[in-house]
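# Structure assessment
This is what each chain is made of:
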Amino acid sequence: MTTFAHLSDLHFGRLHGEAADALLGDLWTKNPDLIVVSGDLTQTAGGREFEAAREYLRQMPKHPVVVPGNHDLPAWNLVERFTAPTWRFRRYIEPERFPLQETEDVVVLGINSTRPHGWYWDWGRGRINLTQIGHIRRVFARRLESKLCVVAAHHPFLRPPQEKRHLVHGPRDLMRLLADCGVDLLLAGHFHKVHTELAATRHPSTPRIVVAQASTSTSYRFRAEPNAYNWFEYDRGRLHVVVHTWQDGQFAAASEKTYVNWHGHWEHETPKARETHGT
Ligand SMILES: [Fe+2]
Ligand SMILES: [Fe+2]
């Protein structure tokens, strides 16, 4: 079995210090096999914010898989934004463009979904290009059947209820390509809203992969939801996720879901599904 914690949108610069300390305590207590941080480490991509974020990551029980978010690119220094948008992130946080960690039954690959500019006003939007898809395909081509293949990016693939902001560009085509690469689980952040769902539940034409998006784990940048992080347990085709939200001065389990892989397709684990598949 592998356990992993999914944190997101730490936003040093708008830090909720009490939640940040409690989260570190949880990580040391639970001691997950892997830790994933899906972007927005900082608020304005400043050097001091990155230094504080680096120090925080160093205090975790394990070196996490980290990808940049749109807030980790310089917003006002356009020269830097156009010429070296992620240099501070690479210097302070993670030099690898495709950070990869694995256990005996889980592989996590980080992908940079941020873009420094585009033909639209909101440069906070995200994309994943075909070069990145090609890399994902090559990495997961050597996967063993029993390994859970996880991609972590910053921009979300599914829109939570009541959410109007942009998803990563072309999410449904992207999910088909990623499923074709063998991806089982997509982790993201950005909306600061907890959302875990089978992609096919929302859009029947999309593959049966699981999408999990985390709230801001440690900042005051609330979007009508408290701080939270996702806790995963994976064991032989069964994926259990527990959302821990900030309540009364601590993180506590607030909701949970279980998914099961039936012959390559993910489904909610329900009594009906168990009956259908004869287990
Ligand atoms: Fe954020
Ligand atoms: Fe973001």
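Notes on the structure in this doc start here. As the structure is a prediction and not an experimental result, all values here were calculated from the model.

This part covers the sheet that holds strand S6 (residues 148–152). With mixed pairing, the six strands of this open sheet are ordered in space as S4-S5-S6-S7-S9-S8. Across the chains shown, the open sheet's two edge strands, defined by having one partner strand only, are strand S4 (100–102) and strand S8 (195–198). In this sheet, neighbouring strand axes are inclined to one another by 15° on average, regardless of whether the strands run parallel or antiparallel. Sheet topology note: the S8/strand S9 (residues 210–213) ladder contains four bridges and is antiparallel. Residue Glu197 lies in a different strand from S9, and its bridge partner there is Val211.

The subject of this paragraph is unusual backbone geometry. We note that Asp9 has phi near 50°; this positive angle belongs to a residue other than glycine. Mapped onto the secondary structure, Asp9 falls in the loop between strand S1 (2–7) and helix H1 (17–30). Residue classification places Asp9 among the buried positions, given that 27 C-beta atoms sit within 10 Å. Despite not being glycine, Arg236 shows a phi value in the positive range, around 45°. With respect to the helices, strands and loops of the structure, Arg236 is situated in the loop between strand S10 (228–235) and strand S11 (238–247). Judged by the 10 C-beta atoms lying within 10 Å of it, Arg236 falls in the exposed class.

Taken in spatial order, the seven strands of this open sheet run S3-S2-S1-S10-S11-S12-S13, and their pairing is mixed. Since the sheet does not close on itself, it has two edges, and those belong to strand S3 (65–67) and strand S13 (265–268), each with one partner. Averaged over neighbouring strand pairs, the angle between their axes works out to 25° when direction is ignored. The sheet contact formed by strand S12 (residues 250–262) and S13 spans four bridges and is antiparallel. Within S13, the position partnered with Tyr259 by the bridge is His268. Of the strands in this sheet, S1, strand S2 (34–38), S10, S11 and S12 touch H1, which is tilted by about 50° from S12.

About the cut-offs
Residues numbered from 1 in each chain as written. Chains lettered and ligands numbered in written order. Predicted model: local features only at pLDDT ≥ 70, side-chain atom pairs only at ≥ 80, totals over all residues. Pairing = 2+ DSSP bridges. Helix = DSSP H or I, 4+ residues; strand = E, 2+ residues; numbered from the N terminus. Axes fitted to C-alpha atoms, helices over the stretch in contact; angles between N-to-C directions. Buried ≥ 20, exposed ≤ 12 C-beta atoms within 10 Å, placed from the backbone. Contact = placed C-beta atoms within 7 Å.

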